[in-house]
Amino acid sequence: MTQDPFVTHRSLLFTVAYEMLGSAADAEDVLQESWLRWAGVDRSRVSDPRAYLVRTVTRQALNRLRTLARSREDYVGEWLPDPLLTTPDVAEDVELAENISIAMLTVLETLGPTERAVFVLREVFELPYGEIAGALGKSAAAVRQTARRAREHVAARRPRVRVSRSEQQAVVERFLLALRTGELEALVEVMAPDVVLIADGGGLAPAALAPVHGVDLVAKVLARAAGLTTTAVWLNGAPAGRIEIDGELATAVSLVVEEGRVSRVYLVRNPRKLTRLDEPVPLAT
């Protein structure tokens, strides 16, 4: 069983599905559906199991993504991706860490389903245009055009400054300390003047229903967490934090750091999205 190509490439397949969907639960469902299809395949007719499995997962994820696009229109408040607990070594693969970041997955959410699939397969996993075309049932020329549009869209919205791992850690630690103490001055100092806070409660936990703009307003919102337990963790390949209330996980905190200050704060409070934070999730490209 351990020699089965599906098992061998499972981390890669999960990463593909998660990149396309932004949801760990939906990614797992896609893998289950893909496994059932793989189980019924005549393996002697599959020359490249890895490519075949990536193609299968892509198609299943694309179907799921189109369904989710409709359901997310009714989502209460802001929608954020599921945070994943990762090990520090994931950050050593700079491209992978950047592409699975909450910030990037939030940007990918603004793409259409096909554009997102093409961007993920080409820019993240570097699949040939012909292989992507086969997975999506489109011509290679059409895939090239879609990839160009998707790259331009993402480039206009992604964080423009890449900071070092040590700088990110230092700023995150300062932020979590200020958050724990609730000192407004310290919170203001660690954040950029035009910082934006986005919170996701999904209607199941208290959260701002729209983005909060500006350091003064964001600091006042965050000061409410004073006295709560904050812990530094690695989420989606980057230093981040978790907030606990009476020993129970209440919020995952992901940050974008630019020029030594926090420019974006992502708070995931929807309890259904906090289920993958006990054990590190293996990811691969």
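Everything that follows concerns the structure shown earlier in this document.
Draft legend 1. Highlighting the sheet that holds strand β5 (residues 248–258). Taken together, six strands build an open sheet; the order of strands is β2-β1-β6-β5-β4-β3 and the sheet is mixed. Two strands close off the open sheet at either side, each with one partner strand: β2 (212–213) and β3 (229–235). For strand β4 (residues 238–245) and β5, the ladder comprises five bridges, and the chain directions are antiparallel. Across the sheet, the residue bridging to isoleucine 243 is threonine 251, located in β5. The strands touched by helix α10 (residues 165–181) within the sheet are β1 (191–200), β3, β4, β5 and β6 (261–268), with β4 carrying the most contacts at an inclination of about 20 degrees. Contacts from helix α12 (residues 215–222) reach β1, β2 and β6 within the one sheet, and its direction differs from that of β1 by about 50 degrees.

Draft legend 2. Geometry of the environment of leucine 13. Within the element layout of this structure, leucine 13 appears in helix α2 (residues 10–21). A relative accessible area of 0% places leucine 13 in the buried class. Those residues within four positions of leucine 13 in sequence are excluded, and the remaining contacts are Phe6, Leu31, Leu53, Val54 and Val57.

Draft legend 3. Summary view of the nonpolar core. Counting 49 residues, the largest nonpolar core has Phe14, Met20 and Leu108 as the members making the most contacts within it. For this core, the secondary-structure elements that each account for two or more residues are α2, α3 (24–39), α4 (49–71), α6 (102–108), α7 (113–124), α8 (129–136) and α9 (140–155). Ranked by residues supplied to this core, first place goes to α2 with eight residues. Every residue in contact with leucine 108, bar those within four places of it in the chain, is listed here: Glu19, Arg116, Phe119, Val120 and Val154. Residues Val171, Phe175, Leu176 and Val253 belong to the second largest nonpolar core, which totals 25 residues.

What counts, and where the lines are drawn
- Residues numbered from 1 in each chain as written.
- Predicted model: local features only at pLDDT ≥ 70, side-chain atom pairs only at ≥ 80, totals over all residues.
- Heavy atoms only, no water.
- Pairing = 2+ DSSP bridges.
- Helix = DSSP H or I, 4+ residues; strand = E, 2+ residues; numbered from the N terminus.
- Contact = heavy atoms within 4.5 Å.
- Axes fitted to C-alpha atoms, helices over the stretch in contact; angles between N-to-C directions.
- Buried < 20%, exposed > 50% of the residue type's maximum accessible area, 1.4 Å probe, protein only.
- Core = buried A, V, L, I, M, F, W, Y, C linked by side-chain atoms within 4.5 Å.

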